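Spelled out from the first residue to the last, the chains are:
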Amino acid sequence: MKSKRIIATAAMAATAAMMMAGCATEATEVAETSQVPQAEMTKISMVLWPGPEGEAMQKIVDSYNAKQGLIDGVEVEQVLLSRADTFSKQATLMRSESDEYDIYFTASYLIAQHAPYLTPMQNFDASIYMKSSVESLQVDGDQFGVPLDTSLHFMYYRNDLVATLSEPANATKYSAIAQEVLGKALSPNLETSTWNWDDALATAAFFTQKYNPESPTKYGYALPAKNLLFNTMIWNDILWGLGGNWLDSSGKPDISSDAGIQAIEIYSTIYEKGLTSPDSAQWEYAETNAALTSGNAMMALQWNAAYSELSTTGETAGKIAIAPPPGSGPRTHVHALAVAQNKFSANPEASQKWLSYLATEEAMAIYAANGGVPSMPGILSGMVSTNASFANLIEYANEIGYSRPKVAREFDIYSSLAEELSPAWIGLMSASEAAAAADEAMTGLLD
Amino acid sequence: MNQTRSLEARRASWILASPLLIFFAALLVLPIYLGLRTSLSRDRFSNPEVELSGIENYVALLGDPDFWESIRFTLTFAIIATSLQLVLGFLLALIFDRNVPGKKYLFSAVLIPIMIAPSLMAVMYRLLLNENIGIVPAFFGLFNIEVTLFSPNALFPLLILLDCIQFVPFTFLLFYASLQNVPDELYEAASIDGSSYAETVRRIVIPLLKPAIVVVILLRFLEGIRNFDVIYILTGGGPGTMTQTVGIYIYKTAFSQGDFGLAAAASVVLVLLLAPFTPWIIKRLSTSEQQ
């Protein structure tokens, strides 16, 4: 018994000695590099969501805490909430004027709702960012938040399959299938950057086994048609590509326009004609990727973030190509993720110091090197060799990115459109009925 | 003297009960009060100013067809799911009540689904049932059977099936525990009297299990009403509002539309709609216990 006590005491002493030694080493490092004494360091916390953004951000946080943070006297802690419900949790915190977190995660489509709970940025150099990303985070002329990732959409397709359309026999078959599915005898258009939706649908039909049993893919298209606001963002590309908009020139909801009806009917044609799986009624980002990489689907309008997976995984590895969304004019949704200072933060000065660092090319270079897609063209263009889609991202953001109407409840409108339009996307309701319901719902949200 | 003692006893009872009362006030009375106050306020995420608005939210709610549609869907779902889970759990309990080979291992296997969080189950379902990468469609594919489990026509039966997979083990467990209390002598006596097994179950076992049946109905029906996780993760309440439970309606109203006042009013109305059933269920339960 006595010997056990002696061993336990010795173990505790050894542990304490090791801990003290560790502290001493750390303290020595701090003393060597920091201009701010440890006791005066301010700890701040920042919300982000898990996934590539959270992982890339952690690298910046680590780097900052080890170097610049010691000079600024700021230590940053990143808190990763759930990918699905970060914004819900934040909504309750914002509403209760909580100071639990100093920095909130936000996005272009939420910035108008978050703005009353955020502090505008000070000394922000917008010139190093993509213009569309910076502008998407402005409310009443104030810049809220540091842009992080820029997101937009590509039309992904299998270039090995589209290339086969140049064969004469396939061209004849293509024309016959287009006649059967769309009622028009079309010829293959191999120039995917000039596709309109007839070209896209005819190509999708050609690579659907229902119409072409020799097609290597079961379906020509992977349609993310779940009732989800992010799916509405994708559908919006069709609306804008056809010349439509949420609102008409007088500011009234305008989904019932010809372009709106046509955009809904393009989705319902894809679904009802069987160019996509019946299951796609419940598909979102992950399922769309799975349909492509499994070799079951040939093309899809999908987020730029999917490129890394699609270009390296399964049946699409080395075979995936990118085109702009079919249509004309500005037609790809662009939004930026961002972080911004909580208006009720207990550490406003420390928060601004951290955000100022985050808005530097040094910080964003770390972000990009670790899987982030920063909104800085200078950094992205230097990384095209590692991710070819960055070139398309810069080009599309500048040339075909559309600007959404500036409305306070943008997030709510996206959700509402998803709810009203998703039944019509899969043919459970007529396009005109759904468009009218969407207009009515939007009217309530514009008040 | 007696009066003093009585006063002291009363004081002591209040002091002894105070921790529970404080706990009760903090976790039940206060949230109910805050919920009621929010339901009577114009409390929107887009506007930090909160104002009292009287019954405005209730008027808006009662005139919202989506709310009534979500109530209809929720009740339909809860009634069908509860009925199936009641029957399947009971049948499973009867099977396990007899000497089944490998009972010990099967028993553990059957209980696995209730040990997993519903949200985690939903994520697993998304993977397992995915047409492109899921093991279930792949299995059917071996027999050239094509399954599209998430198509609109298959959605409701699928959601019921998934709820049953997770919660039949729960009803089974309650019934199985109750069956252990049925004395063997009753079976023997019934057998001597010439009763078949089916008759014994119908005339003896089921009446004896009435308290358990009421508990199962109460718990599963209330859980069915509160259903959120699996349906939200799999369908988001769609297509449109086709699979929108009242829980999803409340969640979306609060966090997609940012209307906390309306969401609180929906919660209050839901409680009021369910409240009349509670005394009836408790009465049935106590009557069964007395019997």
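All values reported here derive from a predicted model rather than from experimental measurement. (Residues numbered from 1 in each chain as written. Chains lettered and ligands numbered in written order. Predicted model: local features only at pLDDT ≥ 70, side-chain atom pairs only at ≥ 80, totals over all residues.)

**Side note on the overall build of chain A**
- Counting secondary structure elements, chain A contains 19 helices and 12 strands.
- Considering only contacts in chain A between residues 6 or more positions apart, those separated by 24 or more positions represent 73%. (Helix = DSSP H or I, 4+ residues; strand = E, 2+ residues; numbered from the N terminus. Contact = placed C-beta atoms within 7 Å.)

**Points about the overall build of chain B**
- When its secondary structure is counted, chain B shows 14 helices and two strands.
- Considered along the principal axes of its C-alpha atoms, chain B spans approximately 80 × 70 × 30 Å.
- Going through the 291 residues of chain B one by one, you find that 30% of them count as buried.
- In chain B, of all internal contacts separated by at least 6 residues, the share reaching a separation of at least 24 is 70%. (Buried ≥ 20, exposed ≤ 12 C-beta atoms within 10 Å, placed from the backbone.)

**A look at the domain arrangement of chain B**
- For chain B, the assigned domains are domain 1 (1-33) and domain 2 (57-290).
- A C-alpha centroid distance of 38 Å is found between domain 1 of chain B and domain 2 of chain B. (Domains from an automatic or database assignment.)

**Let's talk about the interface of chain B and chain A**
- At the junction of the two partners, chain B supplies 26 residues and chain A supplies 27 residues.
- Along the lines of polarity and charge, the residues of the side of chain B that touches chain A split into 10 nonpolar, 14 polar and two charged. (Nonpolar A, V, L, I, M, F, W, Y, C, P; charged D, E, K, R; others polar.)

**Overview of the packing of helix α2 (residues 52-66) of chain A against helix α15 (residues 361-369) of chain A**
All names here are of chain A.
- Two numbers describe how α2 lies on α15: the axes approach to 8 Å, and their chain directions differ by 135 degrees. For the element pair α2 / α15, the angle class is oblique. In terms of crossing hand, the pair formed by α2 and α15 is right-handed. Across the interface between the two elements, A56, M57, K59, I60 and S63 of α2 pack against A363, I366 and Y367 of α15.
- Of the residues that constitute the contact of α2 with α15, the class distribution is six nonpolar, one polar and one charged. (Axes fitted to C-alpha atoms, helices over the stretch in contact; angles between N-to-C directions. Parallel < 35°, antiparallel > 145°, perpendicular 65-115°, else oblique. Left-handed = near helix turned anticlockwise from the far one by under 90°.)

**Some remarks on the nonpolar core**
- Core analysis: the biggest nonpolar cluster contains 167 residues, and Y156, A204, A205, Y221 and V339 of chain A have the highest contact counts within it.
- The contacts of A205 of chain A, once residues within four sequence positions are left out, are I177, A178, V181, Y211, G220, K273 and L275 of chain A. (Core = buried A, V, L, I, M, F, W, Y, C linked by C-beta atoms within 7 Å.)

**What about the confidence of the model for chain A?**
- The share of residues in chain A with pLDDT of 70 or more is 92%, and the mean pLDDT across the chain is 90.
- Within the model, the stretch residues 1-31 of chain A combines pLDDT values under 50 with two contacts to residues more than four positions away or in other chains. (pLDDT = per-residue confidence, 0-100.)

**Quick look at unusual backbone geometry**
- Cis peptide bonds are those with omega within 30 degrees of zero, and the linkage from G238 of chain B to P239 of chain B qualifies with 0 degrees.
- Structurally, P239 of chain B can be placed in the loop between α11 (229-235) and α12 (246-255).
- Its identity as a non-glycine residue notwithstanding, E97 of chain A has a phi of 55 degrees, on the positive side.
- For E97 of chain A, the location among the structural elements is in the loop between α4 (86-95) and β3 (103-107).
- A count of 11 C-beta atoms within 10 Å places E97 of chain A in the exposed class.
- Of note in this structure, D140 of chain A is not a glycine but carries a positive phi near 50 degrees.
- In this structure, D140 of chain A sits in the loop between β5 (138-139) and β6 (142-143).

**Quick look at the confidence of the model for chain B**
- Put simply, chain B has an average pLDDT of 91, and 97% of its residues get 70 or more.
- Both confidence scores are given for the complex: pTM 0.86, ipTM 0.84.

**Focus on the domain arrangement of chain A**
Residue and element names in this part refer to chain A.
- One can read the domain layout of chain A as domain 1 (34-151 + 335-399) and domain 2 (153-333 + 407-446).
- A C-alpha centroid distance of 32 Å is found between domain 1 and domain 2.
- Listed per partner, the contact involves 12 residues of domain 1 and 15 residues of domain 2.
- Secondary-structure elements contributing two or more residues to the side of domain 1 that touches domain 2 are α5 (111-114) and α17 (389-399).
- Per-element tally for the side of domain 1 that touches domain 2: the top contributor is α17, with four residues.

**As for the sheet that holds strand β8 (residues 153-158) of chain A**
Residue and element names in this part refer to chain A.
- What the four strands build is an open sheet, ordered β9-β10-β8-β11; its pairing is mixed. Every other strand in the sheet has two partners, leaving β9 (219-221) and β11 (320-323) as the edge strands with one partner each. Sheet twist, expressed as the average angle between the axes of neighbouring strands with direction ignored, equals 25 degrees.
- Here five bridges tie β8 to strand β10 (residues 297-303), and the two strands are oriented antiparallel to one another. Note on β10: the bridge partner recorded for M155 is L301. (Pairing = 2+ DSSP bridges.)

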